[in-house]
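So the chains spell out like this:
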Amino acid sequence: MSTKPDDNLNLTAGILAVVFPGAGHLYLRQTRRAVLAAVGVLGLFFSGMFVGGIDVIDRKEDKWWFLAQAMVGPLAFGVDAYHQHALKAYPLDPNIIAAGEMQAADLERLTPRALYPGETRKTIDLRLNTPAGQMERTIAYIAPAGPGQGPPSTKSIGMMNELGMLSAAIAGMLNFIIVLDAFFPGPSSASREPR
Amino acid sequence: MSLLLLAYRPFLDPIPLDRHWYLLLIPMSFFLAVGYKSVRTVDMRKFWPQVFLFTAQLIIGLFGLGIGFYILVRVLLPALAPAPL
């Protein structure tokens, strides 16, 4: 029996566990543990989204929470990317929308945000003035919602937002424990796995 | 069923359960217990009993913390530093 921790290191299992919850234990042929670990982590992550909406996964507006949520793995980054690019929009001035052009530097200063009830997401082809000349870019902007319209997702606030973010953050921290267990599959973790 | 709940789109909108938020601690505690015990249980035959025990411990612990903070905020702090009239 060795006492050096490096002897127990399983790099492949650890990396697989980082890529997807439970994949490390699947590699270690601990199928039951793998499935249960995935159920625990993904259950927490998706129940957080179920409670607070996709707005609880937000790398830009809730970056400290996202630090914990990111430990779920690429899935958290994928959900965040979808949230940032497909659901948020720029709060553009109506005069800019009417003119159809603006300074590129002014656009860089704006931050896309989640939408509230009564708002909807529209797109416009804006001419952006840069020092090098003009360029055209399709921009999603926030507009007042008309009849039958609404936001693609709703800004989450209050207790539902807190619970949703907390649940997804706990999912990340739980996955951190599971990743460590996959990196260092010691005798205490899985020695009695039923075959 | 309220109109808010009818308009709810799962995973896109926050669920309108603000008045019963504490019920949501039960699935959160359960999933946490399943994930944690999946790597911490040595004998997997005892997995589900350990999950339910840990879930109950979490819920009772959170409930106890709630009572403790309620007493601190509503009873002890007003007794130590009464609000000026």
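Residues numbered from 1 in each chain as written. Chains lettered and ligands numbered in written order. Predicted model: local features only at pLDDT ≥ 70, side-chain atom pairs only at ≥ 80, totals over all residues. Heavy atoms only, no water.

**Re the sheet that holds strand β3 (residues 133-144) of chain A**
Residues and elements named next belong to chain A. Let me state the cut-off plainly: Strands qualify as paired when DSSP identifies two bridges or more between them. Secondary structure elements are taken from DSSP: a helix is a run of H or I of four residues or more, a strand is a run of E of two residues or more, and numbering for both begins at the N terminus. For helices, the axis comes from a line fit to the C-alpha atoms of the stretch in contact; other axes are also lines fit to C-alpha atoms, and the angle between any two N-to-C directions lies between 0 and 180 degrees.
Ordered in space as β1-β2-β3, the three strands form an open sheet in which the pairing is mixed. Sheet topology places β1 (101-103) and β3 at the edges, where each strand pairs with a single neighbour. Mean inter-strand twist for the sheet, computed between neighbouring axes without regard to direction, equals 40°. The sheet contact formed by strand β2 (residues 119-130) and β3 spans twelve bridges and is antiparallel. Bridging from a neighbouring strand, N129 pairs with Q134 of β3.

**Quick look at helix α1 (residues 11-19) of chain A**
Quick reminder of the rule: Burial classification: accessible surface area is computed with a 1.4 Å probe over protein chains only, and a residue below 20% of its type maximum counts as buried, one above 50% as exposed, and the rest as partly exposed. The arc in question is the one spanned by the directions pointing from the helix axis to the C-beta atoms.
For α1 of chain A, every residue scored as buried is listed here: A13, G14 and A17 of chain A. Around the axis of α1 of chain A, the buried residues are gathered within 100° of arc, so they sit on the same side.

**With respect to the packing of aromatic side chains**
Worth spelling out the cut-off: Side-chain rings of Phe, Tyr and Trp, where Trp is taken by its six-membered ring, are said to pair if the distance between their centres is within 6.5 Å; with planes under 30 degrees apart they count as stacked, over 60 as edge-to-face, and otherwise as tilted.
Tallied over the full model, the rule gives 13 aromatic pairs over all chains. For the pair F46 of chain A and F11 of chain B, a centre-to-centre distance of 6.3 Å together with 90° between the ring planes defines the contact as edge-to-face. Here the residue F46 of chain A occupies a position in helix α3 (residues 31-52), and F11 of chain B occupies one in the loop between α1 (3-7) and α2 (25-40), the pair thus bridging two chains. With a relative accessible area of 31%, F46 of chain A lands in the partly exposed category. A residue is classified by how much of its surface remains accessible, and F11 of chain B, at 34% relative accessible area, is partly exposed. Their ring planes at 45° and their centres at 6.4 Å tell us that F183 of chain A and F184 of chain A sit as a pair that is tilted.

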